[in-house]
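The chain contents come next:
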Amino acid sequence: MTSLPCHGHPTGDLTRRRLGRIAAAGLVAGVATAGPAPSAVAAGAGGQAHYDRARRLAGNDPVLTALVRSLTPGFEFPRPAAPAPIRLFDDLVMISVGWVSAMAVLTDDGIVLIDALTSAAEAENVLVPGLREVGADPETIKYVVVTHGHADHFGGARYLAEAHGARVLMSPADWDLVARTGPADAPARDLDIADGQPLTLGGTTIQLHHTPGHTPGTVSPVIPVRAGRERHTAMLWGGTNPPATPAELRAYLASIQSFSARMRQAKVDVELSNHPNDHGLQRAEQLRADPDGPNPFVLGRPRAQRYMAVLDSMLRGRLADAEADEGRG
């Protein structure tokens, strides 16, 4: 059974005003348990002070230090080799070409894909056989949720729609972005994602939240996952690389705050990424080498919130730098 309200907000969705109150209340509780706190750095101190604060928050945590590196100005994005497909959880598969990954949520009634790699060729020759390799049936792909309107995320969506009958979802703002900038083989406009919308398939409900910043309509999902008898809640931040302008960076920071509040509400304890900016490929190999050990994608709730606090501090640094550049212009 599927449930997909495509317009408006789901019943019980947080209003922006209520969400703001929740975020503000959570910030008082402290960074370790309540996510991004307002930076203690004085105004005018410049971006470096915020970056230093992020590094202090990250400590020696390999996941958080990887995030700091990926958001440091001048960072050159890695192009690692493609790993073999892997089940991160019983019902969640990562299929990667190295520098970008797709996640497949396996339900009792088919598959929900989060992103679709970079092209029809990768969808056909990497994603589809990768699903088969881990025992999932690509013929059951029902939905492709595109986190944002860049070709390395929607590239395979048109093929999956045409070859497998999948419905493609994107936020309205990023459907518009694709219409303006996308290549000829971009997916045809299909289903809109409303902010906070639930997508239910086979008894599994994924919450889809608008988190503009990386693009005007970036979407970040919250996904229930299981490992044996254990139940966890995962998040995937839909687009990490910061935009350039102060206005866009302020929108990004607002998204961090609102999504952190939703993470607390959903009790998120698992972090995922669609790019290798979070030590994710290394953690996948750790899991592959020791499948019976602790799952390295389970951060726990306080550490998941600290991830967002590090993200917040790094974006404050990028904003301070952008504002300084604007002032010199």
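In short, a report on the structure.

Criteria and thresholds
All residue numbers refer to position in the chain's written sequence, counted from 1. pLDDT decides what is reported in this predicted model: residues at 70 or higher carry local features, side-chain atom pairs at 80 or more are listed and counted, and totals for whole chains, interfaces and linings draw on all residues regardless. Note that the side-chain values use all heavy atoms of the structure and ignore hydrogens as well as water. Under the DSSP-based scheme used, a helix requires at least four consecutive residues in state H or I and a strand at least two consecutive residues in state E, with every element numbered from the N terminus. Exposure is judged per residue with a 1.4 Å probe applied to protein chains only, and the accessible area is read against the type maximum: over 50% gives exposed, under 20% gives buried, and values in between give partly exposed. In this description, accessible areas are obtained by the Shrake-Rupley approach with a 1.4 Å probe, and a residue is regarded as covered only by the protein chains that are shown. As used in this record, nonpolar core signifies buried Ala, Val, Leu, Ile, Met, Phe, Trp, Tyr and Cys residues forming a set joined through side-chain atoms within 4.5 Å. The contact rule is simple, with two residues in contact once any of their heavy atoms fall within 4.5 Å. Here, a strand pair is defined by DSSP locating no fewer than two bridges between the strands. Aromatic contacts are taken between Phe, Tyr and Trp rings whose centres are within 6.5 Å, Trp giving its six-membered ring; a plane angle under 30 degrees counts as stacked, one over 60 as edge-to-face, and the others as tilted. We call a charge positioned over a ring when the NZ of a Lys or the CZ of an Arg lies within 6 Å of the ring centre and within 35 degrees of the ring normal. A helix is expected to span 1.5 Å multiplied by its residue count minus one.

With that settled, consider the overall build of the protein chain. For the protein chain, the count of helices and strands is eleven helices and 13 strands. Expressed as a percentage of the 329 residues in the protein chain, the buried residues total 55%. Working note: accessible area of the protein chain is about 13,700 Å², and carbon and sulfur atoms make up 52% of it.

Moving on: the environment of Gly 280. Structurally, Gly 280 can be placed in helix H10 (residues 280-289). Judged by its relative accessible area of 6%, Gly 280 falls in the buried class. For the pair Gly 280 and Pro 296, spaced 16 residues apart in sequence, the C-alpha separation works out to 8.9 Å.

If you check the backbone angles, Asp 115 has positive phi at about 75° while not being a glycine. Mapped onto the secondary structure, Asp 115 falls in the loop between strand S5 (110-114) and helix H5 (120-133). A relative accessible area of 1% places Asp 115 in the buried class. Even without glycine at this site, Lys 267 takes up a positive phi of about 60°. Mapped onto the elements, Lys 267 comes out in the loop between helix H9 (246-266) and strand S13 (270-272). With a relative accessible area of 47%, Lys 267 lands in the partly exposed category.

So, on to the nonpolar core. The biggest cluster of nonpolar side chains holds 30 residues, and the ones touching the most others in it are Met 235, Trp 237, Ile 256, Met 308, Val 310, Leu 311 and Leu 315. Breaking this core down by element, the ones donating at least two residues are helix H3 (47-58), helix H4 (62-71), H9 and helix H11 (301-328). Looking at which element gives the most residues to this core, the answer is H11, with ten residues. Contacts of Met 235, omitting those with residues within four sequence positions, involve Pro 221, Val 222, Phe 259, Met 263, Val 268, Val 270, Glu 271, Leu 272, Tyr 307 and Met 308.

A separate point is the sheet that holds strand S2 (residues 86-89). The strand order across the open sheet built from seven strands is S2-S3-S4-S5-S6-S7-S8, with neighbouring strands paired in mixed fashion. Across the chains shown, the open sheet's two edge strands, defined by having one partner strand only, are S2 and strand S8 (191-192). Note: S2 against strand S3 (residues 92-96), three bridges, orientation antiparallel. Of the residues in S3, the one forming a bridge with Phe 89 is Leu 92.

Our focus in this paragraph is the packing of aromatic side chains. Using the criterion set out here, one finds two aromatic pairs in the structure. The interplanar angle of 50° and the centroid separation of 5.8 Å between the aromatic rings of Trp 237 and Tyr 252 together place this pair among those described as tilted. Placement of Trp 237 in the loop between strand S12 (230-236) and H9 and of Tyr 252 in helix H9 is noted, with a sequence separation of 15 residues between them. Comparing Trp 237 with Tyr 252, the two get one shared label, buried. Aromatic pair Trp 237 and Phe 259: ring centres 5.5 Å apart, planes at 50°, arrangement tilted. Linking Trp 237 in the loop between S12 and H9 with Phe 259 in helix H9, this pair joins segments that are 22 residues apart in sequence. With relative accessibility at 0%, the residue Phe 259 sits in the buried group. Following the ring pairs from residue to residue traces out a cluster consisting of Trp 237, Tyr 252 and Phe 259. The aromatic ring of Trp 99 is capped on one face by Arg 79, whose charged end is 4.0 Å from the ring centroid.

Our next topic: H5. Between its first and last C-alpha atoms H5 spans 19 Å; for 14 residues at 1.5 Å apiece the expected length is 20 Å, and the two agree. Taken together, the buried positions of H5 are Glu 122, Ala 123, Leu 127, Val 128, Gly 130 and Leu 131. Those residues of H5 that are buried lie in contact with S3, strand S4 (101-107), S5, strand S6 (141-145) and helix H7 (157-164). Where H5 ends, the next residue or the one after it, Gly 135, has phi of about 85°, a positive value.

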